[in-house]
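# Observations on the three-dimensional arrangement
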Amino acid sequence: MFKFNFIKNSKTTEVIDFFDYLLSQKQKQQSIYHKSLEKAVDIIASYISKIKLDIYKYDLNTKKFKEDDGELRYVMNVRPNANENSTNFKYNVIHKYLTEGEALIIEINNKLYLVDDFVYTNNIISENTYSNIKLKLPNGNILSINKTFKASDVIHLKVTSKKIQKFLQSFYADYGPLIETARKQYIISNSSKYFMKIPGSQPAIYDTIAKKEISYDEYKSKILNSLFDENDGAVLLSEKVNVTKVDNGERKSSNDYIQLLDKWSNEVAAVFDIPQDIFNKTKTEKSSSDEDFISYCIMPILVQIEDELNSAIFKEKAFKDGYIRFNRYSLIYHDAISNATSIDKLFSNGFTQNDIRKFLDLDRILEPWADESYVTKNYGSMKGGDNDEK
């Protein structure tokens with residue numbers, strides 16, 4: 001092990017095991033990073049998993065995009081496949097996307113599946129292909145799909161944030177080798193060690209309990225069993241033997257982690273653009289961190305997912321025949337009572353009853369008047385305006 005001499009003053013020197021110090025600090029950092037990474041990913045994945053996906057298709061009669069309530073809406077918001085509901089599916093997709101840097105979704109018989117492992121080409125001009133597709137079954141077994149998919153037929157999400165990419169690369173490069181080292185160091189640092197002083201000639205020892213002479217190896221085993229017995233008891237020592245506990249320094253405790261937790265966990269929160277008061281659950285009513293969280297953390301992910309869904313489902317006709325979009329109204333919960341004044345202003349500025357009900361996450365009213373818009377304080381029809389009085 002490498003050692004360095006640090007001169008404290010002109011008269012004394014202190015020998016420090018520098019490598020052990022750095023390794024210990026790195027282990028603590030990686031452990032906190034691991035917990036903080038899981039926490040950050042859980043916050044983001046839980047949030048996105050609850051957001052509804054709206055499907056819009058072009059209506060040739062009205063020449064407007066209208067919400068579609070067909071099979072695609074059911075797959076996106078209720079049950080993407082036979083064994084998963086939409087909330088769990090979206091959570092697993094985002095979790096894999098953020099922890100591994102990418103996630104692949106394939107479609108089989110109009111059902112969506114999250115891929116556990118895959119191989120794909122990295123072309124520039126020609127279209128990429130995906131093969132060696134493996135799906136993880138509920139019992140943990142792996143199902144191989146003997147089919148090659150084109151890039152236009154899959155939903156391939158990749159982390160585009162450079163700071164997240166850099167963090168994940170550094171994290172996994174360091175974390176793997178440290179797991180075993182940290183485990184061994186913890187066991188060593190928290191285990192008890194003893195000096196056992198015995199005569200050089202090693203004469204036989206008489207066991208008063210067994211009423212017979214025993215060897216030193218047998219005697220040592222009896223002492224160790226007594227020392228590490230969970231029950232209180234006394235250790236019977238021969239006059240020829242002296243046992244002294246070795247003090248190997250301060251025990252490892254959670255205090256070290258507590259001191260560093262805020263610093264390093266906040267670093268992870270910053271990587272994922274999660275405001276610290278949301279990450280640490282210290283948010284107050286006056287805080288504006290919800291808007292920052294949605295704008296800088298959630299929205300970039302939603303937009304990327306929307307792009308991938310539209311390119312895979314609607315192909316090149318994405319914004320001609322239809323498109324998929326996350327419901328922006330459901331990003332934050334709103335209740336009708338506390339937002340009554342704002343709702344009144346929305347209605348007087350052209351929002352329909354169904355627009356507002358969607359904002360409040362209420363069911364649509366299946367009546368023509370619920371889709372009519374009104375403007376001005378007098379709530380005149382947008383079609384007629386002042387002519388309505390004539």
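The structure under discussion appears in the preceding block.
About the criteria used
Residues numbered from 1 in each chain as written. Predicted model: local features only at pLDDT ≥ 70, side-chain atom pairs only at ≥ 80, totals over all residues. Heavy atoms only, no water. 1 Å grid on protein atoms, 1.4 Å probe; cavity = no way out; pocket = protein on both sides within 12 Å on 5 of 7 lines; lining within 4 Å. Points joined across faces, edges and corners; volume = space filled by probe spheres on them. Helix = DSSP H or I, 4+ residues; strand = E, 2+ residues; numbered from the N terminus. Nonpolar A, V, L, I, M, F, W, Y, C, P; charged D, E, K, R; others polar. Pairing = 2+ DSSP bridges. Axes fitted to C-alpha atoms, helices over the stretch in contact; angles between N-to-C directions. Contact = heavy atoms within 4.5 Å. Phe/Tyr/Trp six-rings, centres within 6.5 Å; stacked < 30°, edge-to-face > 60°. Buried < 20%, exposed > 50% of the residue type's maximum accessible area, 1.4 Å probe, protein only. Lys NZ or Arg CZ within 6 Å of the ring centre and 35° of its normal. Arc of directions from axis to C-beta. Core = buried A, V, L, I, M, F, W, Y, C linked by side-chain atoms within 4.5 Å.

## Examining the layout of surface pockets
If you add up the space inside the largest pocket, you get close to 1000 Å³. If you go around the largest pocket, you meet 26 residues; those closest to its centre are Glu67, Asn354, Asp355, Arg364 and Asp371. Those elements that place two or more of their residues in the lining of the largest pocket are strand E3 (53–59), strand E4 (64–67), helix H2 (71–77), strand E16 (322–326) and helix H11 (353–359). The element best represented in the lining of the largest pocket is E4, accounting for 4 residues. Among the residues forming the lining of the largest pocket, the class breakdown is 6 nonpolar, 5 polar and 15 charged.

## Some thoughts on the sheet that holds E4
Strands sit in the order E4-E3-E16 across an open sheet of 3 strands; the sheet is antiparallel. Strands with a single pairing partner mark the edges of an open sheet, and in this sheet they are E4 and E16. Strand-to-strand twist in this sheet, taken as the mean axis angle between neighbours without regard to direction, amounts to 30°. Taken together, the 4 bridges between E3 and E4 define a ladder with antiparallel strand orientation. For Asp59, the partnering residue across the bridge sits in E4 and is Lys64. Where helix H8 (residues 289–313) meets the sheet, its contacts fall on E3 and E16, and the angle it forms with E16 comes to roughly 155°.

## Section: the packing of aromatic side chains
Both the distance between ring centres and the angle between the ring planes are used here to describe each pair of aromatic rings. Overall, the coordinates contain 7 aromatic pairs when judged by the stated rule. Judged by centre distance (5.0 Å) and plane angle (20°), the ring pair of Tyr56 and Tyr323 falls under stacked. Within this pair, whereas Tyr56 is found in strand E3, its partner Tyr323 is found in strand E16, the two being separated by 267 residues in sequence. Note on accessibility: Tyr56 and Tyr323 belong to one class, buried. Ring geometry for Tyr120 and Tyr130: centres 5.2 Å apart, planes at 15°, overall stacked. Within this pair, whereas Tyr120 is found in strand E7 (residues 117–120), its partner Tyr130 is found in strand E8 (residues 129–136), the two being separated by 10 residues in sequence. Residue classification places Tyr130 among the buried residues on the basis of a relative accessible area of 4%. Ring pairing ties together the aromatic residues Tyr56, Tyr58, Phe65 and Tyr323, which thus form one cluster. Of note, Lys39 hangs over the ring of Phe279, and the distance from its end group to the ring centre comes to 4.5 Å.

## So, empty space enclosed by the protein
Throughout the structure, instances matching the rule amount to 1 cavity of 30 Å³ or more. The computed volume of the largest cavity comes to approximately 180 Å³. Considering the residues around the largest cavity, the lining is formed by 17 residues, among which Leu53, Phe89, Lys90, Ile105 and Ile305 are closest to the centre. For the lining of the largest cavity, the elements supplying multiple residues, two or more each, are H2, helix H3 (86–100), strand E11 (155–158) and H8. Per-element accounting of the lining of the largest cavity gives the leading share, 5 residues, to H3.

## Here's the deal with helix H10 (residues 340–348)
Within the sequence span of H10, burial applies to Ile343, Phe347 and Ser348. Down the axis of H10, the buried side of the element spans an arc of 135°, and every buried residue falls inside it. For H10, exposure combined with an orientation more than 90 degrees from the buried face picks out Thr341 and Lys345. Buried residues in H10 make contact with H11 and strand E17 (374–375). Taken from the residues just after H10, Gly350 is the one with a positive phi, measuring 105°.

## What about the nonpolar core?
Grouped together as the largest cluster of nonpolar side chains are 49 residues, with contacts concentrated most on Ile44, Phe272, Ile274 and Ile298. In terms of residues, this core owes the most to one element, H8, which gives 10 residues. Those residues in contact with Ile44 that lie beyond four places of it in its chain are Ile94, Leu98, Phe272, Ile274, Cys297, Ile298 and Ile301. Core analysis: the next-biggest nonpolar cluster, separate from the first, contains 10 residues, Ile106, Ile133, Leu135 and Ile145 among them.

Just distances and angles here, no functional claims.
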